[in-house]
Amino acid sequence: MAQIISIHSFRGGTGKSNLTANIAVAVASQGKRVGIVDTDIQSPGIHVIFGLDEDSFTHSLNDYLWGRCGIEKTAYDVTAELKTADGYREVAGKVFLVPASLKAGEIARVLREGFDVGLLNDGFQELTEQLDLDYLFIDTHPGLNEETLLSIAISDAMVIILRPDRQDFLGTAVTLEVAQRLDVPEIMLLVNKSPQAFDREAVIEQVQMRYGVAVGGLFQENDEMLQLASSGVFWLHYPEHPFSQEVHAVAQQLMAASSH
Amino acid sequence: MAECNEWQMPQRTGGSPTRTMADLLFLPDLERSLINWLLRQQTATLAEAAAYLNQSEIEAAAVLQDLIEQGFVQWLDQLDPPQYQPKLQRRKGRNMPTKIWDALE
Ligand SMILES: Nc1ncnc2c1ncn2[C@@H]1O[C@H](COP(=O)(O)OP(=O)(O)O)[C@@H](O)[C@H]1O
Ligand SMILES: [Mg+2]
């Protein structure tokens, strides 16, 4: 049975897409078959991190939701596309990506007409079966909406990303309450964009105390990430960077959590 | 007990209800956890639902019937064996003047 892991943050710009891409590829590098679905239909973009643009894919999640094609048509094998600083890197497993459309008209259509949220659930299940996935990562829309609620409800584990910021702190409490109402079995908090000046252990302790939920990792704000500017999977470019080591540590925890 | 008010199901008037994921959040614990479980299963037989609830099939059928009437669950009786399935369907579109939408297409 594939594990469904949704990545959420109450507010946008927390690094959700970049962390999803990094963690998913780290899991794949352990020989796992991994899928990533961009359900952030209103502000999509994780495909950019994998070097895909609108011209390099013919089908997106939007097409599936409008009944234009089966879900399998929307999944792109990006394993051979994984770039490092000076070439390509082979990973032991597989990475499949289901992008959402970045065309204004397609996004507007979602807002205008809505779609059958039940189709998403069917699509996730079909995808995991047809691609024989070990893990399915869902990059969700920030805050709460119908598809995010569904993703949370069917997740085996949920990763919530927050910055050490008061608005993020308050919003995360909302997400946690909802996740608990939806019976999510496993919840992990990740702190991202922690200022270098902040003491790591103090921030982790503060967050854990506040929510009573384990912090699975803390990532500092760093210039290399800003420079990469979502043009690649960070840890492939900077394998020795502390950010990258933390990515692998989180991937290990998620894999360990799913094995018992 | 602030929670009691906050999560009280808003009253609706008229028509057969269509339910969304958001409505699910307002259900009481037992019903909510049953649908959460059903969402993960995608479909389940009465026997499976009764086992999950740790209730007799008669009791479970009553809970599920109530959820069908509230519009949260559907009964697929053309399947063999028949199955229950969550019915949390459309993400609602937004009402905006057509001119704005047309400009975006
Ligand atoms: N630890 C970090 N340090 C510096 N910049 C970061 C870090 N994490 C993410 N970013 C940057 O923040 C921006 C938003 O990241 P993104 O993954 O798109 O967030 P989201 O999906 O939550 O909106 C990107 O420009 C990304 O490069
Ligand atoms: Mg994003």
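Our subject is the structure listed above.
Residues numbered from 1 in each chain as written. Chains lettered and ligands numbered in written order. Predicted model: local features only at pLDDT ≥ 70, side-chain atom pairs only at ≥ 80, totals over all residues. Heavy atoms only, no water.

Draft legend 1. Spotlight on helix α3 (residues 29–41) of chain B. A rise of 1.5 Å per residue sets the reference length of α3 of chain B, with its 13 residues, at 18 Å; its end C-alpha atoms lie 18 Å apart and thus fit the reference within 8%. Every buried residue of α3 of chain B is accounted for by Glu 31, Arg 32, Ser 33, Leu 34, Ile 35, Asn 36, Trp 37, Leu 38 and Leu 39 of chain B. (Helix = DSSP H or I, 4+ residues; strand = E, 2+ residues; numbered from the N terminus. Expected span 1.5 Å × (residues − 1). Buried < 20%, exposed > 50% of the residue type's maximum accessible area, 1.4 Å probe, protein only.)

Draft legend 2. Focus on the packing of aromatic side chains. Applying the stated criterion to the full structure yields seven aromatic pairs over all chains. Where Trp 75 of chain B meets Tyr 84 of chain B, the ring centres are 4.5 Å apart and the plane angle is 40°; that geometry is what we call tilted. Three or more aromatic residues joined by ring pairs form one cluster here, namely Phe 219, Phe 234, Tyr 238 and Phe 243 of chain A. The side chain of Arg 109 of chain A reaches across the aromatic face of Trp 66 of chain A, ending 4.2 Å from its centre. (Phe/Tyr/Trp six-rings, centres within 6.5 Å; stacked < 30°, edge-to-face > 60°. Lys NZ or Arg CZ within 6 Å of the ring centre and 35° of its normal.)

Draft legend 3. Geometry of the side chain of Asn 22 of chain A. All names here are of chain A. You can see Asn 22 is positioned in helix α1 (residues 16–28). The class of Asn 22 is buried, set by a relative accessible area of 0%. When sequence neighbours within four positions are dropped, the list of residues in contact with Asn 22 reads Val 233, Phe 234, Trp 235, Phe 243 and Val 247. (Contact = heavy atoms within 4.5 Å.)

Draft legend 4. Geometry of the site of ligand 1. Residues and elements named next belong to chain A. The immediate surroundings of ligand 1 are formed by 14 residues, with Lys 16, Ser 17, Asn 18, Asn 192 and Lys 193 found nearest. Take Gly 15: an N or O atom from its main chain is 3.1 Å from an oxygen atom of ligand 1. Contact distances for ligand 1 include 2.8 Å between an oxygen atom and a side-chain N or O atom of Asn 18. Relative to its unbound accessible area of 570 Å², ligand 1 is 82% covered by the protein chains. Where the shell around ligand 1 is concerned, the elements lending two or more residues are α1, β10 (186–194) and α9 (223–228). Top contributing element to the shell around ligand 1 by residue count: α1, with three residues. Taken together, the residues of the shell around ligand 1 break down into three nonpolar, eight polar and three charged. (Near = heavy atom within 4 Å. Polar contact = N/O pair within 3.5 Å; in protein donor to acceptor, adjacent residues only side chain to side chain. Areas by Shrake-Rupley, 256 points an atom, 1.4 Å probe, with all protein chains shown as cover. Nonpolar A, V, L, I, M, F, W, Y, C, P; charged D, E, K, R; others polar.)

Draft legend 5. Representation of the packing of helix α7 (residues 166–181) of chain A against helix α8 (residues 200–211) of chain A within the structure. Residues and elements named next belong to chain A. The interhelical angle for the contact between α7 and α8, taken along N-to-C directions, is 40°, at an axis separation of 11 Å. Between α7 and α8, the angle is such that the two are oblique. The hand of the α7/α8 crossing is right-handed. Side by side, α7 and α8 meet where Arg 166, Asp 168, Phe 169, Leu 170, Thr 172, Ala 173 and Leu 176 of the first sit next to Gln 206, Val 207, Arg 210 and Tyr 211 of the second. Considered class by class, the residues forming the contact of α7 with α8 number six nonpolar, two polar and three charged. (Axes fitted to C-alpha atoms, helices over the stretch in contact; angles between N-to-C directions. Parallel < 35°, antiparallel > 145°, perpendicular 65-115°, else oblique. Left-handed = near helix turned anticlockwise from the far one by under 90°.)

Draft legend 6. Examining the layout of surface pockets more closely. All names here are of chain A. Taken as a whole, the largest pocket holds about 420 Å³ of empty space. Around the largest pocket, the lining comprises 25 residues; the ones closest to its centre are Gly 13, Thr 14, Gly 15, Asn 18 and Lys 193. For the lining of the largest pocket, the elements supplying multiple residues, two or more each, are α1, α2 (46–49), β10 and α9. By residue class, the composition of the lining of the largest pocket is seven nonpolar, 13 polar and five charged. (1 Å grid on protein atoms, 1.4 Å probe; cavity = no way out; pocket = protein on both sides within 12 Å on 5 of 7 lines; lining within 4 Å. Points joined across faces, edges and corners; volume = space filled by probe spheres on them.)

Draft legend 7. Expanded view of the pairing of strand β1 (residues 73–76) of chain B. Residues and elements named next belong to chain B. Pairing analysis gives four bridges linking β1 to strand β2 (residues 83–86), with the strands arranged antiparallel. Directly across from Gln 74, in β2, lies its bridge partner Gln 85. Linking β1 back to β2 in an antiparallel pair, the connection comprises six residues. (Pairing = 2+ DSSP bridges.)

Draft legend 8. Summary view of a negative patch on the surface. A cluster of acidic residues, Glu 72, Asp 122, Glu 126 and Glu 129 of chain A, forms a negative patch on the protein surface. The topology assignment puts Glu 72 of chain A in the loop between α3 (61–65) and β3 (76–77). (Patch = residues over 30% accessible without salt bridge, like charges linked within 9 Å, V, L, I, M, F, W, Y side chains within 5 Å. Salt bridge = Lys/Arg side-chain N within 4 Å of Asp/Glu carboxyl O. Lys, Arg positive; Asp, Glu negative; His and termini not counted. Charge placed at Lys NZ, Arg CZ, Asp CG, Glu CD.)

Draft legend 9. Inspection of α7 of chain A at higher detail. All names here are of chain A. Between its first and last C-alpha atoms α7 spans 23 Å; for 16 residues at 1.5 Å apiece the expected length is 22 Å, and the two agree. Between the side-chain oxygen of the N-cap and the backbone nitrogen of Gln 167 there are 2.7 Å, and the N-cap of α7 in question is Asp 165. Looking one or two places after α7, you find Asp 183, whose phi comes out positive at around 60°.

So, to be careful, I would describe these as geometric facts and stop short of saying anything about function.
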